[in-house]
Amino acid sequence: MKKVLLVLLLVVSILAFSSKVLVVGTTDKIRTLDPAKCYDYFSSNILQNVLTGLVDYEVNTSNLIPSLAESWEVSPDSLVYTFHLRKDAKFEDGTAIDASVMKYSIDRAMKLNGDPAFLLTDIVDSTKVVDKYTFQIKLKYPFSAFLSVLGYTVAWPVNPNLYPENAFYEGAPSSSGPYKITEWIRDVRIVLEKNDKYFGPAPKVDKVVITFYESAATLRLALETGQIDIAFRHLDPRDISDLENNPNINVIKGSSPQIRYLVLNTKQAPFSNPLVRKAIMYAVDRQRIVDDVFVGLAQPLYSMVPMGMWSHEDIFPKRNLRAAKRLLQQAGYWTDKPLTIDLWYSPTHYGTTEADVAQVLKESLEETGIIKVNIKYAEWSTYVDYFLNGTMGLFLLGWYPDYIDPDDYLWPFLSVNGAKSMGSFYENPTTEAIMKAARVCVDQNTRSDLYDQVQNHLVVDVPNIPLWQGVAVVATQKNIKGVLLEPTQIFRYYIIEKK
């Protein structure tokens with residue numbers, strides 16, 4: 001075993017010295033590479049480097065630009081989108097990406113009803129092949145941010161020769177983007193190589209080797225010893241501070257719409273009681289998390305809509321233990337009859353700080369003198385199953401945007417179908433009706449007023465509690481150029497250069 005590890009380290013070290021090969025280290029995990037099922041950040045980001053959709057985001061902006069669709073028209077009633085596809089797009093096996101492939105892929109995603117399917121099923125009425133390179137989507141109602149939804153991977157085409165119509169596919173995708181996957185050993189390594197069939201510009205480096213590390217400590221060591229070129233998700237915040245003082249390392253920081261929050265399962269006792277949910281809302285100590293765990297590499301968050309995005313309002317109250325105690329007593333709990341709850345986290349998916357976050361939350365809640373917290377954890381794949389099945393009542397999650405619009409921070413959490421995918425199982429027809437009105441509306445000021453109403457409903461019903469907003473961080477060797485921390489949070493390997 002030791003010999004195997006030594007050989008692996010030697011191979012990685014050799015690769016790290018090649019200007020044609022980019023070696024990336026991460027502690028994150030890939031859950032699935034089927035766009036119909038994929039709904040976590042790192043898996044989606046791999047797809048964003050090996051597949052492409054009808055539209056894409058212009059590099060380092062939130063502006064949508066043509067990709068597979070050269071152009072499109074929208075009907076006067078804003079219900080029918082007609083896309084004119086480019087004729088030179090192919091999968092790596094040579095299969096043309098035409099209108100029938102687009103219909104197959106979007107219909108399949110909706111039919112299989114995986115985690116992200118509601119992004120389509122809630123709004124798409126039907127799809128149609130007009131001719132070989134003309135594709136139509138009809139909506140149930142007008143939605144001003146619909147093109148942004150198409151920029152997310154759930155709507156991207158898959159190769160019908162590989163992806164079955166009636167089942168999820170657990171292998172590597174057939175590439176349509178800058179890179180293709182030539183090796184994938186789950187939780188060990190995934191290798192991306194230049195895709196010669198891609199219609200766009202060639203990647204700056206021919207090969208990307210992504211190595212999965214067990215901890216932030218081993219990830220930092222790999223960077224400092226030159227085994228990897230880039231450390232991407234998740235260095236420990238204190239390690240980041242140290243690396244900033246290392247003359248051989250570049251630490252790149254950027255603003256981020258990434259948010260972290262607590263989910264409360266509104267169908268599971270005792271969290272089915274809104275008094276309990278509100279008490280937890282008042283008891284959490286955001287500032288202590290930011291100060292003690294993230295040493296300033298985060299900001300307390302008081303809205304599910306991130307800071308810097310229009311319609312953000314600091315709607316959630318600041319910490320108030322007296323209010324928390326009062327609500328708990330109204331719910332029938334006292335110091336001699338405490339509320340005992342489980343708090344869940346996943347130990348590696350969000351980095352090695354997660355256990356510390358859970359401990360701070362436990363201490364914060366127990367400061368009421370009425371709540372007793374048991375901390376539990378599960379690895380990411382099990383964790384996802386648990387919250388989808390309603391096993392967990394109170395747990396930590398994080399969110400990266402599918403599309404850059406406030407709707408993406410409200411609809412996935414508060415619509416009936418979205419809330420099921422997020423584990424809160426929240427249902428409020430009034431809230432959903434307001435969000436639908438905002439989706440139909442094209443005036444930003446009116447939409448913002450509607451989202452204010454929605455956020456006020458959030459504070460009353462409390463299916464989620466925002467905690468903090470993160471900072472995007474990547475650490476690289478000095479010879480790595482072109483790393484961008486984009487507003488969309490898409491991390492594009494294909495624009496990175498190794499001098």
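Residues numbered from 1 in each chain as written. Predicted model: local features only at pLDDT ≥ 70, side-chain atom pairs only at ≥ 80, totals over all residues. Heavy atoms only, no water.

## Remarks on the pairing of strand 7 (residues 134-139)
Here is step 1 of the chain: Pairing analysis gives five bridges linking strand 5 (residues 80-85) to strand 7, with the strands arranged antiparallel. Pairing of Y81 across the sheet is with I137, part of strand 7.
Here is step 2 of the chain: Across six bridges, the pairing between strand 6 (residues 124-131) and strand 7 is antiparallel. When the bridges of strand 7 are listed, D131 appears paired with T134.
Here is step 3 of the chain: Count of turn residues in the strand 6/strand 7 antiparallel hairpin: two residues. (Pairing = 2+ DSSP bridges. Helix = DSSP H or I, 4+ residues; strand = E, 2+ residues; numbered from the N terminus.)

## Quick notes on unusual backbone geometry
Here is step 1 of the chain: R233 connects to H234 through a cis peptide bond whose omega is 5°.
Here is step 2 of the chain: Mapped onto the secondary structure, H234 falls in the loop between strand 11 (230-231) and helix 7 (237-243).
Here is step 3 of the chain: Residue P270 is bonded to the preceding A269 through a cis peptide linkage, with omega at 0°.
Here is step 4 of the chain: For P270, the position within the fold is in the loop between strand 12 (249-264) and helix 8 (274-283).
Here is step 5 of the chain: Phi is positive for R233, which is not a glycine, with a value near 65°.
Here is step 6 of the chain: Here R233 is to be found in the loop between strand 11 and helix 7.
Here is step 7 of the chain: Classification of R233 as buried rests on a relative accessible area of 7%.
Here is step 8 of the chain: A positive phi angle is found at V295, which is not glycine, with a value near 35°.
Here is step 9 of the chain: Tracing the chain through its elements places V295 in the loop between helix 9 (286-293) and strand 13 (298-300).
Here is step 10 of the chain: Its relative accessible area of 36% is what places V295 among the partly exposed residues. (Buried < 20%, exposed > 50% of the residue type's maximum accessible area, 1.4 Å probe, protein only.)

## Points about the environment of D236
Here is step 1 of the chain: Relative to the elements of secondary structure, D236 occurs in the loop between strand 11 and helix 7.
Here is step 2 of the chain: If we ignore the near neighbours within four places in the chain, the residues touching D236 are A216, T352 and T353.
Here is step 3 of the chain: Reaching out from D236, the side chain makes a polar contact with the backbone nitrogen of R238 at a distance of 2.9 Å. (Contact = heavy atoms within 4.5 Å. Polar contact = N/O pair within 3.5 Å; in protein donor to acceptor, adjacent residues only side chain to side chain.)

## Let's talk about the nonpolar core
Here is step 1 of the chain: Counting 116 residues, the largest nonpolar core has F83, F146, L262, I280 and Y383 as its most contacted members.
Here is step 2 of the chain: With seven residues, the single largest contributor to this core is helix 3 (residues 99-112).
Here is step 3 of the chain: Apart from the residues lying within four places of it in its own chain, the contact partners of L262 are I280, V284, L343, L361, L394, F395, L396, P463, N464, I465 and L467.
Here is step 4 of the chain: In this structure, W156, V208, I230 and L485 belong to the second largest nonpolar core, which totals 34 residues. (Core = buried A, V, L, I, M, F, W, Y, C linked by side-chain atoms within 4.5 Å.)

## A few points about the packing of aromatic side chains
Here is step 1 of the chain: Here the structure, examined in full by the defined rule, presents 26 aromatic pairs.
Here is step 2 of the chain: When the centroid spacing of 5.5 Å and the interplanar angle of 80° are considered together, the rings of W344 and Y386 count as edge-to-face. Linking W344 in strand 14 (residues 339-345) with Y386 in helix 12 (residues 380-388), this pair joins segments that are 42 residues apart in sequence.
Here is step 3 of the chain: Taking the relative accessible area as the measure of exposure, W344 reaches 11% and is therefore buried.
Here is step 4 of the chain: When its relative accessible area of 28% is taken as the criterion, Y386 is described as partly exposed.
Here is step 5 of the chain: Through pairs of rings, three or more aromatic residues link up here, namely Y41, F42, F212, F232, Y400, F491 and Y493.
Here is step 6 of the chain: Taking the ring centre of Y350 as reference, the NZ or CZ of R260 above it sits at 3.9 Å.
Here is step 7 of the chain: Against the face of F143 rests R439, its NZ or CZ located 3.9 Å from the ring centre. (Phe/Tyr/Trp six-rings, centres within 6.5 Å; stacked < 30°, edge-to-face > 60°. Lys NZ or Arg CZ within 6 Å of the ring centre and 35° of its normal.)

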